[in-house]
Amino acid sequence: MTTLDTLGTKLLVGGELVTDVGNTCDVVDPSTGQVVRSLPLGGLTQLDSALAAARRAFDDGCWSELSVDQRARVLLRLAELIDAHSADFTRFVETEVGTCRRVAGPAQVRRPMGHYRDLVSRAHSELGRSLPRLPGPPATGQRVVREPWGVVAAITPWNAPHLLNLWKVAPALVTGNTMVLKPAPEAPSCALLLGELAVEAGVPPGVLNVVTGGADVGQAMVADPRVDMVAFTGSSAVGRAIAQQAGATLKHLLLELGGKSALLALPDADVASLVAATLRFVTLAGQGCGLLTRILVPDTLHDSVVEGLVEALRHVRVGPADDPETVMGPVISAAARDRIEAIVSRAVAAGARIAYGGGRPDGVPAGGFYLEPTVLTEVDNDMEVAREEIFGPVVVVIRYSGDPEEGIRLANDNPYGLVGAIWTADTDLGLRLARRIRAGQVRVNATASGNEAPFGGYKQSGVGREVGREGLLEYTTVKYVAWQIPSGDERSTADRSEV
C-alpha cells in the first residue's frame, strides 16, 4: 500500500478522524479519465456533528481565548508538517486537478506556504490598536480590538485546492475562529490530508473540521444558524446564491468569485513581454479566475500580438500532469471540455476567428480531458466569449483604436473586476490609468505579486479580500472598548493591550 493510499482519506469531525460515513466518492484523474481514489463522501449527519463541534470549540474559548502566540505556535507546527508532505500534496494536485508538475509543486503547494506563514505572523500586530486617552473628567482609556467572528464555513473549489484551503485556514484559525471546511468533491484529498495533519499538530478538537459532501452539504452550511461567517471561492452564480441564503441570518461573507480579466495594451507596448504575460493563461489549463484572458490591442499592434501568441503557443506542450515536459495539462472533466468547446463554437458562429487551437491535441493519453490552448480574434466586447468566464484555455483578442480612453472603457465594460493589466512604455501613464480600472488587482507591465498582496475583486468578482493584512482582517470583527482610568493610574492605553 502506497503513502497516497492511506493519506488524505479521512474526514475530521470534532477531533476524530472518520472513514465510515456510508457513502463514497470516486475521484478521477483528468490526465487519464481513470478513477484514482475512492474517498468517504460526507453528508448532513457528518456536517451537523462538525458544526456542533466547531460551535462548542468556539464558545468554550479553548481556542479563541488563547493568546495569538499560543495559536500561532500550533499553526506553525502544522506548517512544518505540511512542508514535510509537500510531495504528497503535489501529487494530489496533479492527479485530482490535472495541474502540470512544473506548476503544481512551485505555485500550488510551496508558494502558498509563504502566504500561510505571512498571515500567521501578521496576527501578532494587527488585532488591536490603542486610541488617545480622553482627558475627562473622568479620564477614559480607549482601544479598538479585532475579535473572531466565530464559526466559519469555508467552501473551496477544485482548481487550486491546497492553495485556497490554506488561504482560508490560516487567517481564520490564527485570529481565533473555528472552521468547518468543505472541499470540492472533484479534489478533496488536500483538505483531508490537511485535517489529518492538524490533529498531529495539536489543533484542539472542533477547531478545524473537514467534511466532504455535495451541494446539499454546502447549502446546509450556509443556512445553518451556528455559522457566523461564510468564506467561499467559486463561480459568481453560486456566490450570488450564497449571498442570498446567508442574508437571512446576516452572516459575514468573503466571496472570491469569477473573473474575465483584461490586459489593456497601449500603442507603445512591448509586444514580446505582452505576449509572455498573456501566455500565462495556459496555467491550470485556463482554469483560474485571475488569468488575463481578454486582451485589448490597438489596431497598430494587433497582427504582431496575434502572431507572437500563435508562435509561442506552438511550443506549449499539452500532456499529462505527471510528465515533467508538460506545460499545460487537461481540464477537470469531460463535461468541462465539452462546455468549453461549445463556447468556442458559438463564438465562431458569432463571427470570431480561431487564430490558434480550437480543437483537441494529438499525442495525449486516450481518456484524458485535453484541449488545445486557443486564441480567438475578431471578437467584439459584447460577445459571450468576451463577457463570460470560460474557465478553460481560451484567450480573446479585441481590437480598439489605441485611444486610452476607449481602452479603459472596454476594460471596465464587463460584469467582472478581479484582475487587470496595462502594458505601456510610459509607466507613469500606466499607473494613472490603473486607478481607473475597476479591478481588485491591477498590474502595469508586471505579473508578480508578494505574500502581502490582497486578492479579490469588484462587481461580480466578489466581496472582500484574501491574503495579506486585508485578508487576515476579513476573519475579524471590530469591538470598541473604553474604561474609566482610576485617579493616579498613569498607564497608557497601549499598556493595557490585553483589553
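The structure reproduced in this document is the subject of the present report. (Residues numbered from 1 in each chain as written. Predicted model: local features only at pLDDT ≥ 70, side-chain atom pairs only at ≥ 80, totals over all residues. Heavy atoms only, no water.)

Description of the sheet that holds strand β13 (residues 292–298)
Reasoning step 1: On the basis of which strands lie adjacent, the open sheet formed by 7 strands has the order β14-β15-β16-β13-β12-β18-β19 and mixed pairing. The two strands at the open ends of the sheet, each matched to only one other strand, are β14 (353–356) and β19 (441–444). Recorded for the sheet is a direction-independent mean angle of 25° between the axes of neighbouring strands.
Reasoning step 2: Here 4 bridges tie strand β12 (residues 261–265) to β13, and the two strands are oriented parallel to one another. Of the residues in β13, the one forming a bridge with Ala262 is Arg294.
Reasoning step 3: Across the sheet, helix α10 (residues 271–278) touches β12, β13, β16 (394–400) and β18 (419–423), and the angle it forms with β12 is around 175°.
Reasoning step 4: Lying over the sheet, helix α14 (residues 404–412) contacts β12, β13 and β16, oriented at roughly 160° with respect to β13. (Pairing = 2+ DSSP bridges. Helix = DSSP H or I, 4+ residues; strand = E, 2+ residues; numbered from the N terminus. Axes fitted to C-alpha atoms, helices over the stretch in contact; angles between N-to-C directions. Contact = heavy atoms within 4.5 Å.)

Observations regarding unusual backbone geometry
Reasoning step 1: Residue Gly136 is joined to Pro137 through a cis peptide bond whose omega torsion reads 10°.
Reasoning step 2: Inspection of the secondary structure puts Pro137 in the loop between β5 (128–134) and β6 (140–148).
Reasoning step 3: Residue Pro138 is bonded to the preceding Pro137 through a cis peptide linkage, with omega at -10°.
Reasoning step 4: For Pro138, the location among the structural elements is in the loop between β5 and β6.
Reasoning step 5: Its identity is not glycine, yet Asn445 carries a phi of approximately 55°, on the positive side.
Reasoning step 6: Along the chain, Asn445 falls in the loop between β19 and β20 (458–459).

Regarding the pattern of salt bridges
Side chains that differ in sign of charge can pair as their charged atoms come close.
Reasoning step 1: Throughout the structure, instances matching the rule amount to 22 salt bridges.
Reasoning step 2: A salt bridge links Arg226 to Asp224; the shortest N-O distance between them is 2.9 Å.
Reasoning step 3: Residue class for Arg226 comes out partly exposed when judged on its relative accessible area of 23%.
Reasoning step 4: Residue Asp224 is classed as buried on the basis of its relative accessible area of 13%.
Reasoning step 5: Through salt bridges with shared partners, a single network forms among Asp299, Asp303, Glu378 and Arg399. (Salt bridge = Lys/Arg side-chain N within 4 Å of Asp/Glu carboxyl O. Buried < 20%, exposed > 50% of the residue type's maximum accessible area, 1.4 Å probe, protein only.)

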